[in-house]
Amino acid sequence: MPTRPYVIDQMISPKQIAARVEVLARQITEHFADTEKLVVVGLLRGSFVFIADLVREIHLPVEVDFLEASSYGDAMTSSREVRILKDLRGEIAGRDVLVVEDIVDTGFTLSHVVRLLRSREPKRLEVCALLDKPSRREVGIRATWTGFEIPDEFVVGYGIDYAQRNRNLPFIGKVRFLEEA
Ligand code: 5GP
Ligand code: MG
Ligand code: MG
C-alpha cells in the first residue's frame, strides 16, 4: 500500500523495553508459579518480537502457540470486525493460558480473542499486552499486565508494522507524516 512520506521518532528505547519485559516476565512467573505447563499464545504478527523476548524470561515450563486475528489490514484504524485467520495448533481446555498482544487500542481484537479462547474452557487465562492506548478504548477490556501506556499515537517497531514495514526496528517509535512539498 503506498503511504505518504513519514519519519519515525523514537518513543521507547530498547533498554526501556528490556527492563519492562523483565518485570512483566517476573510477575507472570510468580502468577503461574504452580502451573504444570503454560501455553503462551502470541497474536500474530505484531507480538512476535515481544513474545520471543518475554518467553525467554519466563521461568516455567512453556508451550508456544500462535493465533492470527485480523481487524486492520494495512489501514490505520480498526475495522471493528475481527476474523480468525489462523487458529491455535494445540488444545487449551484445562490449561493455563497467557495471551500475548502487541497493542490494545479500541479493544475489539482482544475482547474477541479472549471470548473465543475462554469458550474452550482453559483453567486460567490472562493477557499480557506490550502497549495500551486507554484513551482509544471502545470495548471494556484490560490486559492483566501491560508494558507501557501510551498516548493516541500510531506506533511501529519491535514487531509492530506500518503497511508491513518497520517490524524490525529495535525500539518503539511514533510515525510522523511529513508535509508534502
Ligand atoms: P483494537 O482491536 O484494539 O482496536 O486494535 C488492536 C490491533 O490494532 C493491535 O493489536 C495492532 O495490531 C493494531 N494497532 C493498534 N494501534 C496501533 C498502532 O499504533 N500501530 C500499529 N502498527 N498497529 C496498531
Ligand atoms: Mg495485534
Ligand atoms: Mg498491523
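What you see is a predicted model, and the numbers here were worked out from it, not measured in a lab.

Draft legend 1. Structural detail: the sheet that holds strand β4 (residues 83-86). Overall, mixed pairing links the 6 strands, which are arranged β4-β3-β2-β5-β6-β7 in an open sheet. Of all the strands in the sheet, the pair left with one neighbour each is β4 and β7 (145-149). Across the sheet, the axes of successive neighbouring strands diverge by a mean angle of 25°, strand direction being ignored. The pairing of strand β2 (residues 38-44) with strand β3 (residues 62-70) spans 7 bridges and is classified as parallel. Residue G42 lies in a different strand from β3, and its bridge partner there is F66. Contacting β2, β3, β5 (96-104) and β6 (124-132), helix α3 (residues 108-118) runs over the sheet at an angle of about 170° to β5.

Draft legend 2. Inspection of the sheet that holds strand β9 (residues 172-177) at higher detail. The 3 strands are arranged β1-β9-β8 in an open sheet whose pairing can be described as antiparallel. Pairing within the sheet leaves two strands with one partner each, and these edge strands are β1 (6-12) and β8 (155-156). Both β8 and β9 contribute to a ladder of 2 bridges, which runs antiparallel. By the bridge assignment for β9, V156 is matched with G173.

Draft legend 3. Molecular detail of the environment of E101. Secondary-structure assignment places E101 in strand β5. By the C-beta count within 10 Å, which is 26 here, E101 ends up buried. Sequence separation between E101 and Y162 is 61 residues; the distance between their C-alpha atoms is 16 Å.

Draft legend 4. Local environment of α3. Taken residue by residue, α3 has F108, T109, L110 and V113 as its buried positions. Those residues of α3 that are buried are in contact with β2, β3, β5 and β6.

Draft legend 5. Examining helix α2 (residues 48-55) more closely. Listing the buried residues of α2 in full gives V49, F50, I51 and L54. If you follow the buried residues of α2, they end up packed against α1 (14-31), β2, β5 and β6.

Draft legend 6. Up close: the nonpolar core. Judged by nonpolar contacts, the single largest core of 38 residues is most densely connected at L98, V99, V100, C128 and A129. Breaking this core down by element, the ones donating at least two residues are α1, β2, α2, β5, α3, β6 and β8. With 6 residues, the top contributor of residues to this core is β5. In this structure V100 touches V40, V41, G42, L43, S47, F50, I51, L54 and C128, once residues within four positions along its chain are discounted.

Conventions adopted
Residues numbered from 1 in each chain as written. Chains lettered and ligands numbered in written order. Predicted model: local features only at pLDDT ≥ 70, side-chain atom pairs only at ≥ 80, totals over all residues. Pairing = 2+ DSSP bridges. Helix = DSSP H or I, 4+ residues; strand = E, 2+ residues; numbered from the N terminus. Axes fitted to C-alpha atoms, helices over the stretch in contact; angles between N-to-C directions. Contact = placed C-beta atoms within 7 Å. Buried ≥ 20, exposed ≤ 12 C-beta atoms within 10 Å, placed from the backbone. Core = buried A, V, L, I, M, F, W, Y, C linked by C-beta atoms within 7 Å.

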